[in-house]
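So you can see what is in the structure, the chains are spelled out below.
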Number of protein chains: 2
Amino acid sequence: MAKPRIGFIGTGVMGKSMAKRLMDEGYPLHIYTRTYEKAEELIEAGAYWKEKVKDVASESDIIITMVGYPDDVEEVYYGQDGLMENAKQDTYLIDMTTSSPEVAMDIHDKATAKGLIAMDAPVSGGDIGAKNGNLSIMVGGNTEAFQQMKPVFNVLGSNVVLQGEAGAGQYTKMCNQIAIASNMMGVCEALIYAESAGLDPETVLQSISGGAAGSWSLTNLAPRMIAEDFSPGFFVKHFIKDMGIAIESTERMGLDLPGLQLAKELYDKIAEDGEGDSGTQALYKYYKLNS
Amino acid sequence: MAKPRIGFIGTGVMGKSMAKRLMDEGYPLHIYTRTYEKAEELIEAGAYWKEKVKDVASESDIIITMVGYPDDVEEVYYGQDGLMENAKQDTYLIDMTTSSPEVAMDIHDKATAKGLIAMDAPVSGGDIGAKNGNLSIMVGGNTEAFQQMKPVFNVLGSNVVLQGEAGAGQYTKMCNQIAIASNMMGVCEALIYAESAGLDPETVLQSISGGAAGSWSLTNLAPRMIAEDFSPGFFVKHFIKDMGIAIESTERMGLDLPGLQLAKELYDKIAEDGEGDSGTQALYKYYKLNS
């Protein structure tokens, strides 16, 4: 049986690796991205380039979006040449952007009314996870749609979990970012304290990384902080976007998350200092400046 | 060669397991603890009970202290019947209590002046680590003393690291607690957000525990929060003590650690609500009350 045609919109660092994996699995791939150059490698590998979102829409059975901000998602879905107007009946629309739960729910409702099947499926695992197909994929949508798309998700991720109805994927991704936000402060504060106390931070990591203070960030980002390597990884500006989405939804829920609030404030400060395009470990610079 | 005689002061949950391991390795053990009942198991196993700290001091080549608070440490070291007055020349004094770096440095200076050899060597790894001898031991003291005591540390820990001169062990333990403090907020906030969003927190953990949000606390304490199991583990009151010590030293250093400050405030609140004897995962109750 021929594999369904996949449309892929947004071939940035993450999207490109994900699209490549789908091609390698034999899915015919139609792509669109704002900056043509970011698509060249995929086109050379056999992907079909489309000039407009609507041209992707008209030739795909499944459409994956992996763009930047909720506004970009809305443009791709709701714009005049967008997916909602131009996708064929029964097309699966999967937004893998980290975006707002509200947008995801809204897309789902509008899509359903049009005979389209929408899911939100943000990921974690970074560019390396995207390349190796071992992303964590957090899915919101109905069970049948999830089952139908499982083979596609399995090409991209090794930890694919249906979290609930539309929006649940985005809510779960927010949980992920919320846990990271406060922990980043803890990692930075442990390091700056070590330095101020005259300890060797690398030797301190030997004592504390394997125990109750241990975390992915302590193991992976603290050594970069010590080496003053602030290259992304995950951009400060994108992390700020995510924390902003999370805070917006807490306000709607009447929920007070002081750790998240504080982390967002500190990240806003370093972004104002020009660190938006640095990796999230650049939070350490805030502490260096204030010690 | 006969093994050196070890004095062990403070046989609470941690101390008892550590003392037991030393006996099992063949070290003659002289013990004192404030509450006799806490020593009974060790006495039955062959430890020599002493009525006073000074009686331990006079019959030991190495003295390990594992008590509660810096005040307790000072009493054991500086009291009239204490170690400083009563230990024999060249005795090794090892304080494994989590205590203040300043107290450790002061003990070291006074001990050196008296011909005694003092080290600070706080641990992490909890009661299970103490039982199994795989604690992380963070040592402050001079290199030669560390080498001499290495065989003893190796009975108790699997990750034994000399962090620097006297006080460095305590400073390192503070780094450990600082990293934990903010991370605990992140873990609680991720869970309460999940609940408020109508997600199943356990399913959320499946998606996020293995990735960039992952941490020891998320893996080990979040499931207890979900199950409303707030038994200790590690006491809230002791964690507050540790954070207090850390904050005291940041004030001396002129260092501002807003995440630590915030975590301490939240823990103070739950202690006021009667959670001092709960495990640190009881921070989740703060968020439950405020959601």
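A quick note: this is a predicted structure, and the numbers were derived from the prediction, not measured.

## As for the overall build of chain A
At step 1: Helix and strand counts for chain A come out as 15 helices and nine strands.
At step 2: Taking 19 Å as the expected radius of gyration for a compact globule of 291 residues, we find that chain A reaches 20 Å, a close match to that expectation.
At step 3: By principal-axis analysis of the C-alpha atoms, chain A measures approximately 65 × 45 × 35 Å.
At step 4: Among the 291 residues that make up chain A, the fraction classed as buried is 57%.
At step 5: Sequence-distant contacts in chain A: of pairs separated by 6 or more residues, those separated by 24 or more amount to 67%.
At step 6: Of the roughly 11400 Å² of accessible surface on chain A, a fraction of 47% belongs to carbon and sulfur atoms.
At step 7: Distance from the positive charge centre (24 side chains) to the negative charge centre (41 side chains) of chain A: 5 Å.

## Observations regarding the relation of the copies chain A and chain B
At step 1: Rotating chain A by 180° and translating it 0.0 Å along the rotation axis places it on chain B, where the RMSD comes to 0.0 Å. Here the two chains are linked by the operation of a two-fold rotation axis.
At step 2: Here 100% of the interface residues in chain A have copies in chain B that are interface residues too; the copies meet face to matching face.

## Some remarks on unusual backbone geometry
At step 1: Positive phi, close to 55°, is recorded for Glu228(A), a residue that is not glycine.
At step 2: Its place among the elements puts Glu228(A) in the loop between helix H12 (222–226) and helix H13 (236–253).
At step 3: By relative accessible area, which is 57% here, Glu228(A) ends up exposed.
At step 4: Positioned with a positive phi, Asp90(B) is a non-glycine residue whose angle comes to about 65°.

## Some words on the UniProt feature "active site" (unreviewed entry) in chain A
Residue and element names in this part refer to chain A.
At step 1: Cross-referencing UniProt, the feature "active site" (unreviewed entry) maps to Lys173 in the present numbering.
At step 2: The class of Lys173 is buried, set by a relative accessible area of 6%.
At step 3: Ignoring any residue separated from it by four or fewer positions in sequence, one finds Lys173 in contact with Thr98, Pro122, Val123 and Met138.

## Notes on the interface of chain A and chain B
At step 1: Opposite the 57 residues of chain A that make contact, chain B presents 57 residues.
At step 2: Summed over both partners, the interface of chain A with chain B buries about 4500 Å², with 66% contributed by carbon and sulfur atoms.
At step 3: Scanning the region where chain A abuts chain B turns up 16 residue pairs in polar contact (both at pLDDT 80 or more).
At step 4: Elements with a minimum of two residues in the side of chain A that touches chain B: strand S8 (135–140), strand S9 (157–164), helix H9 (168–196), helix H10 (201–208), helix H11 (216–220), H13 and helix H14 (258–275) of chain A.
At step 5: Looking at the side of chain A that touches chain B, its residues break down into 33 nonpolar, 21 polar and three charged.

Reading guide: rules and limits
By convention here, each chain's residues receive numbers from 1 onward along its written sequence. Both sets of labels track the order of writing: A upward for chains, 1 upward for ligands. Residues qualify for local features only when their pLDDT is at least 70, as the model is predicted, and side-chain atom pairs are given and counted only at 80 or more; totals for whole chains, interfaces and linings, by contrast, use all residues. To get the side-chain values, take all heavy atoms of the structure and skip hydrogens and water. Helix and strand definitions here come from DSSP, where helices need a minimum of 4 consecutive H or I residues and strands a minimum of 2 consecutive E residues; each element is numbered from the N-terminal end. Between the two quantities, the radius of gyration covers C-alpha atoms and the globule rule is 2.2 Å times the number of residues to the power 0.38. Each residue gets one of three labels from its accessible area relative to the maximum for its type: buried under 20%, exposed over 50%, partly exposed in between, using a 1.4 Å probe on protein chains only. Working rule for contacts: check all heavy atoms of both residues, and any pair within 4.5 Å makes them a contact. Areas reported here follow the Shrake-Rupley algorithm with a probe of radius 1.4 Å; residue values treat only the protein chains shown as occluding. Residues counted as positive are Lys and Arg, residues counted as negative are Asp and Glu, and His and the chain ends are not counted. Charge positions are represented by NZ for Lys, CZ for Arg, CG for Asp and CD for Glu. Superposition of the copies was done by least squares, using only C-alpha atoms of residues whose pLDDT is at least 70 in both. UniProt positions are given in the numbering used here, feature names are shortened, and annotations may be inferred rather than shown by experiment. Here the quantity called buried area is the total loss of accessible area, with a 1.4 Å probe, experienced by two parts when brought into contact, counted for both. Two N or O atoms form a polar contact when they lie within 3.5 Å of each other; inside protein one atom must be a possible hydrogen donor and the other a possible acceptor, and for residues adjacent in sequence the pair counts only when both atoms belong to side chains. Polar here means any residue other than Ala, Val, Leu, Ile, Met, Phe, Trp, Tyr, Cys and Pro, which are nonpolar, and Asp, Glu, Lys and Arg, which are charged; Gly is therefore polar.

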